[in-house]
Amino acid sequence: MTNRTLTQSLHKNQFPAHFKWGVSVAAYQIEGAHNSDGKGQSIWDVFANQKGNIHLNQHGNIACDFYNQYQQDIQLLKQLNIPNFRFSIAWSRILPNGIGDVNEAGIAYYNQLIDYCIAQKIEPWLTLYHWDLPYALEKKGGWTNREVISWFSQFVSLCATRFGNRVKHWMVMNEPVVFTGAGYFLGIHAPGRRGMDNFLPAIHHTTLAIAEGGRILKKILPPDAQVGTTFSCSYIQPYRNLPRDQKAANRVDALLNRLFIEPLLGLGYPDKELPILKNIKKYMQPGDEHKMVFDFDFIGIQNYTREVVKNAWFTPYINASLIAAPKRKVATTAMRWEIYPEAIYKMIEKFSAYTNIKKLYITENGAAFADEIKNGEINDIERIKYFETHIAQVLKATQDGLKIDGYFVWTLTDNFEWAEGYHPRFGLIHVDFDTQKRTIKNSGKWFTDFLS
Ligand code: BGC
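Residues numbered from 1 in each chain as written. Predicted model: local features only at pLDDT ≥ 70, side-chain atom pairs only at ≥ 80, totals over all residues. Heavy atoms only, no water.

Asks: Quick one: what's the story with the overall build of the protein chain, residue by residue and with numbers?
Replies: Scanning the protein chain from N- to C-terminus turns up 16 helices and 11 strands. Of all 452 residues assigned to the protein chain, the portion counted as buried reaches 61%. Put simply, the protein chain shows about 17,700 Å² of open surface, and 51% of that area lies on carbon and sulfur atoms. On the protein chain, the mean spot of the 50 positive side-chain charges and the mean spot of the 44 negative ones are 4 Å from each other. (Helix = DSSP H or I, 4+ residues; strand = E, 2+ residues; numbered from the N terminus. Buried < 20%, exposed > 50% of the residue type's maximum accessible area, 1.4 Å probe, protein only. Areas by Shrake-Rupley, 256 points an atom, 1.4 Å probe, with all protein chains shown as cover. Lys, Arg positive; Asp, Glu negative; His and termini not counted. Charge placed at Lys NZ, Arg CZ, Asp CG, Glu CD.)

Asks: Describe the environment of Gly 427, with residues and values.
Replies: Checked against the element boundaries, Gly 427 lands in the loop between β9 (406-410) and β10 (429-432). Classification of Gly 427 by relative accessible area gives buried; the value is 0%. Gly 427 sits 58 residues away from Phe 369 along the chain, and the two C-alpha atoms are 9.5 Å apart. With sequence-adjacent residues up to four places away left out, Gly 427 is seen in contact with Arg 383, Thr 411, Leu 412, Thr 413, Asp 414, Lys 441 and Ser 443. (Contact = heavy atoms within 4.5 Å.)

Asks: Tell me about the pattern of salt bridges, and name the residues and values.
Replies: Applying the stated criterion across every chain yields a total of 24 salt bridges. Here Lys 39 ties to Asp 45 by a salt bridge, and the two come within 2.6 Å at their closest N and O atoms. Comparing Lys 39 with Asp 45, the two get one shared label, buried. Measuring nitrogen to oxygen at the nearest pair gives 2.8 Å for the salt bridge that ties Arg 193 to Glu 138. (Salt bridge = Lys/Arg side-chain N within 4 Å of Asp/Glu carboxyl O.)

Asks: Can you explain the nonpolar core? Please cite residues and give values.
Replies: Grouped burial of nonpolar side chains is what soluble globular proteins tend to show. Within the largest apolar cluster, 148 residues are counted, with the highest numbers of intra-cluster contacts made by Trp 44, Phe 85, Trp 143, Tyr 407 and Phe 447. With 11 residues, the single largest contributor to this core is helix α9 (residues 196-220). One finds Trp 125, Met 171, Phe 298 and Phe 408 within the second-largest nonpolar core, a separate group that totals five residues. (Core = buried A, V, L, I, M, F, W, Y, C linked by side-chain atoms within 4.5 Å.)

Asks: Outline the site of the ligand, listing residues and values.
Replies: Taken together, 13 residues form the shell around the ligand, and within it Gln 29, Asn 174, Glu 175, Glu 364 and Glu 417 come nearest. Note that an oxygen atom of the ligand is positioned 2.8 Å from one of the side-chain N or O atoms of Gln 29. Interatomic distance of 2.5 Å between a side-chain N/O atom of Glu 175 and an oxygen atom of the ligand. When the ligand sits alone it has 310 Å² of accessible area, and the protein chains cover 94% of it. For the shell around the ligand, the class distribution of residues is six nonpolar, four polar and three charged. (Near = heavy atom within 4 Å. Polar contact = N/O pair within 3.5 Å; in protein donor to acceptor, adjacent residues only side chain to side chain. Nonpolar A, V, L, I, M, F, W, Y, C, P; charged D, E, K, R; others polar.)

Asks: I'd like to hear about the pairing of strand β11 (residues 437-440), residue by residue, with values.
Replies: Judged from the four bridges that link them, β10 and β11 form a sheet pairing that is antiparallel. Bridging across to β11, Val 431 finds its partner in Arg 438. Hairpin connection of β10 to β11: four residues between the antiparallel strands, including Gln 436 at a positive phi of 65 degrees. (Pairing = 2+ DSSP bridges.)

Asks: Just give me the short version of helix α15 (residues 381-399), but keep the residues and values in it.
Replies: Its 19 residues give α15 an end-to-end C-alpha distance of 27 Å, which sits within 8% of 27 Å, the value for a rise of 1.5 Å per residue. Along its buried surface, α15 packs onto β1 (20-24), β6 (298-311), α14 (342-352), β9 and α16 (442-451). Looking one or two residues beyond α15, the residue adopting positive phi is Gly 401, at roughly 80 degrees. (Expected span 1.5 Å × (residues − 1).)

Asks: Go over the side chain of Gln 120 with me, naming the residues and quoting the values.
Replies: As for its placement among the helices and strands, Gln 120 is situated in the loop between α5 (104-119) and β3 (123-129). The class for Gln 120 is buried, based on a relative accessible area of 13%. Here the side chain of Gln 120 touches Lys 78 through a polar contact of 3.1 Å, side chain to side chain. If near-sequence neighbours (up to four positions away) are discounted, Gln 120 is found in contact with Ile 74, Gln 75 and Lys 78.

Asks: How would you sum up α9? Please name residues and give values.
Replies: If you check α9, its first and last C-alpha atoms are 35 Å apart, about what 25 residues at 1.5 Å a residue would give, namely 36 Å. Counting buried positions over the 25 residues of α9 gives 19, a clear majority of the element.

Asks: Tell me what's going on with the environment of His 430, and back it up with residues and numbers.
Replies: Following the sequence through the fold, His 430 ends up in strand β10. Considered as a pair, His 430 and Asp 414 are 16 residues apart in the sequence and their alpha carbons are 5.6 Å apart. In terms of polar contacts, His 430 uses its side chain to reach the side chain of Arg 425, at 3.5 Å.

Asks: Can you lay out the packing of α14 against α15 for me, pointing to particular residues and giving the numbers?
Replies: At their nearest, the axes of α14 and α15 sit 8 Å apart, and the two run at 30 degrees to each other. One element, α14, and the other, α15, form an angle in the roughly parallel class. Note on packing geometry: the crossing formed by α14 with α15 is right-handed. On α15, the residues touching Glu 342, Ile 344, Tyr 345 and Ile 348 of α14 are His 390, Gln 393, Val 394, Lys 396 and Ala 397. Of the residues belonging to the contact of α14 with α15, the class tally is five nonpolar, two polar and two charged. (Axes fitted to C-alpha atoms, helices over the stretch in contact; angles between N-to-C directions. Parallel < 35°, antiparallel > 145°, perpendicular 65-115°, else oblique. Left-handed = near helix turned anticlockwise from the far one by under 90°.)

Asks: Which residues make up the packing of helix α10 (residues 243-258) against α14, and what are the values?
Replies: In a packed pair of helices, the relevant descriptors are the angle between the two axes and the axis-to-axis distance. The geometry of α10 relative to α14 is characterised by a closest axis approach of 13 Å and an angle of 80 degrees between their N-to-C directions. Relative to α14, the element α10 lies roughly perpendicular. Together, Asp 253, Asn 257 and Arg 258 of α10 and Met 347, Lys 350 and Phe 351 of α14 make up the contact between the two elements.

Take a look at the structure:
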């Protein structure tokens, strides 16, 4: 038994044969080539290059240079034995101004990437929007401008028309609550806007754009295409066994877990638990209640941790605060997120309970640790343990008859972790960002054994 195999008991054969195994990445976090071959700027190009926004003023201008080195990385993916690859399209690479003129070089790049995956027997799964809005559109108000729905529709139509004959699984968006919350309320992600006057319209236009994106894909793509979208989710628990903490937990649950899925399912915004959401009405137009609804073929959920919540009168709007994991003295990852494997089971259980959800995949789960190369090896035992304990919970979910049909690791290579820069390493493959050298970590080898 090697160090990397803590237990030999877990194997993919314990899962149903149709269960999908994959790995997820996102354009801005890996591609680099920020101004190559006619690409336009995105809000992340601008935000990350402004001093003070990102840890150590790092940016994604080069990142993992995936744009130039994708063949090598797909070869590594193949070596790891991972059959499904979820990646996103950089909107401003194919539409440099967000709308209007198409950049054929950008289209050619994604065509080559898709074709290369297929030639290597790796199935491409496309995310259309993983947070990198074209900067030209941000100048017109970005997600706060209702016109964004028609801008986004042009982008979705273009992707469906150009890539639709070869890609079967589509995801309209990645984690809307994170990009609207961090980018339009807290100002810690691009485009760096703050406050309810930005957040509430961004929420509503995003909800409408997700539903409209789903309708457009269904209209253009072949009938067997699977159209979905993805949401972040955290298991929320009250700090103390007190009614006020329970209510605080319900408010945080409404914000972090229910805000986008429920209007899409026709249940409306969860404004009973979170009354501030009633102000979204200001941005609603007649008929929006129906336009917000779309029946997706699948939903992707992305879970990393749980949050423990207490009542906090002085926190505006939500009257709740999170008790940070280090304060609770629990085991954490390099993101200071609690390692709590049951959370993934709880989230599968929660989303399974929505009867209108047809199919559920875990489209992201993973962990950052301070990996060290010793004698050319990265023995990331904590990450292996993280995968073992989380995948064991997913297995339990399948055995308990919950609706779950796939699991994607976040992520293939170490990459640009948004406001945190390059410090948190999430990859199955280590990247030396000075030399772009890749080294498969022991967790990558563990995953290969698990899939073999
Ligand atoms: C996002 C990724 C991110 C990961 C780890 C998710 O929120 O989709 O882009 O890198 O979690 O933070």
